[in-house]
Amino acid sequence: MPLSTPWSQRTGLRLPIVNAPMGGVAGGRLAAAVSAAGGLGMIGMGSTATAASLATELAALEAAPRFGIGLVDWVIREQPDLLDAALAARPTLLSVSFGADLSWVQRAHAAGIVAATQVYDADSARRAQDAGVDVLVARGAEGGGHGEIRLATLPLLDAVLDTVEVPVLAAGGISGPRSLAAVLAAGAAGAWLGTVFSACPEALTGEGARRTLLAAAGTDTITTRVFDVGQRLDWPARFPSRVLRNEFTGRWTGREDDLAGDREAGAELAAAIAADDQRVAPVDAGQGVGMLTESRPAAAVLDELCSGAQRLLARWS
C-alpha cells in the first residue's frame with residue numbers, strides 16, 4: 001500500500017507530499033511532474049511574480065489533475081490582479097504566506113479552493129486556524145528560501161500540532177526517507193518539500209545553480225537578507241532567506257545598510273543573476289541540501305523518499 005495519511009487520502013493524493021511553491025524554481029513543469037507522481041504539485045509565484053508570469057506557468061501544467069499555487073502576501077497587496085488570476089485558475093490549494101492579513105482566505109473559500117499558509121510558532125498557527133485557513137505549513141528554521149527563523153522543524157511541529165485541529169504539513173530540512181518518516185510519525189498530515197526538488201530537471205533552476213546545489217553540503221547554508229537588499233526587494237526584515245554561502249554573502253552579511261546604498265554592488269548582483277553565476281547570485285537551499293547528489297526526475301525523487309519512509313515506518317511500528 002502506498003504511503004498515505006488521512007489528509008492525503010481526503011485530498012485525492014497517492015502520496016502525502018506537496019512541493020513547496022519556490023519562486024523561480026517551482027514552475028508548471030515541476031508541479032505537473034509532482035502531481036503525476038502522486039503528490040500535489042505547486043506553482044510558486046515569488047517576489048517578482050506577475051499575472052502574466054503565472055499564466056505562463058499555468059500553461060506548462062498541461063493536463064495535471066490537481067495543482068496548487070503559492071503567492072507572497074506583500075506582492076499580492078501591490079498586484080491584486082495576481083491574486084485574481086490565481087483564484088480564476090481554480091487550483092486545488094492556494095497558499096499565501098509572509099503577511100498578517102488573512103482576508104484572502106474568504107475569497108479562496110468562495111471559489112471552492114483550499115487555503116494554506118506558513119506558520120512559525122503556536123501563536124501564528126492559532127491565528128491562521130481562527131481565520132479559517134484549512135491547512136497549515138509548519139515551516140522550520142532549517143528550510144530554504146524565505147521564512148521567519150523561530151523554531152526548528154520538529155519542535156515547531158510539536159507546538160503546532162498541540163495547538164490546532166486542522167491538518168499540518170511539515171516543512172524545513174526534509175530531504176531523505178528518515179526525515180520524511182520522522183515528521184509523519186510525529187503526526188504531520190504530509191510534508192512540504194522544497195530543496196529536494198530544486199535540482200530536478202523539471203525545475204526552473206538554472207544549470208549553474210543546479211550544479212552548485214549538487215555540490216553543496218548541509219553546512220553550506222546561511223540565513224541572510226543581503227540578496228533582498230541588493231535587489232531592492234521589499235521583503236520584510238523578519239523573513240530572511242536561507243541560501244548557499246558565496247562571495248556576495250561573505251562580503252555583505254552584516255553590512256546591509258552599506259549595501260542598500262551601493263549601486264555598483266546592486267549592478268554586480270543583477271549581472272550575476274542574469275549570467276547564472278553562483279559566485280555572486282543567490283541559490284536558495286535548506287539544510288537538507290547535502291542529500292542532493294544528482295539531478296533526477298521528480299517522480300524518482302518521490303519514489304525513493306516515500307518507499308524508504310514507508311519501510312522505516314513499518315519497521316518502527
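Residues numbered from 1 in each chain as written. Predicted model: local features only at pLDDT ≥ 70, side-chain atom pairs only at ≥ 80, totals over all residues. Heavy atoms only, no water.

Draft legend 1. Representation of the environment of Ala131. Looking at the secondary structure, you find Ala131 in the loop between helix H7 (122-130) and strand S6 (135-139). Here Ala131 falls in the partly exposed class, since its relative accessible area comes to 34%. Once the C-alpha coordinates of Ala131 and Asp220 are considered, the two residues, 89 residues apart in sequence, prove to be 37 Å apart. Aside from chain neighbours lying at most four places away, what touches Ala131 is Leu102 and Val105. (Helix = DSSP H or I, 4+ residues; strand = E, 2+ residues; numbered from the N terminus. Buried < 20%, exposed > 50% of the residue type's maximum accessible area, 1.4 Å probe, protein only. Contact = heavy atoms within 4.5 Å.)

Draft legend 2. Region of interest: the sheet that holds strand S7 (residues 145-146). With antiparallel pairing, the three strands of this open sheet are ordered in space as S7-S11-S10. Of all strands in the sheet, those with a lone pairing partner are S7 and strand S10 (221-224), marking the two edges. Where S7 and strand S11 (residues 241-244) come together, two bridges link them in antiparallel fashion. Within S11, the residue paired with Gly145 across the bridge is Arg242. (Pairing = 2+ DSSP bridges.)

Draft legend 3. Broad picture of helix H15 (residues 298-316). The end-to-end C-alpha separation of H15 is 27 Å, in line with the 27 Å expected for 19 residues at 1.5 Å each. Every buried residue belonging to H15 is among Ala298, Val301, Leu302, Leu305, Cys306, Gly308, Ala309 and Leu312, and all of these are buried. In a view along the axis of H15, the buried residues occupy a sector of 165 degrees, so they form one face of it. Residues of H15 that are exposed and point more than 90 degrees away from the buried face comprise Asp303, Arg311, Ala314 and Arg315. (Expected span 1.5 Å × (residues − 1). Arc of directions from axis to C-beta.)

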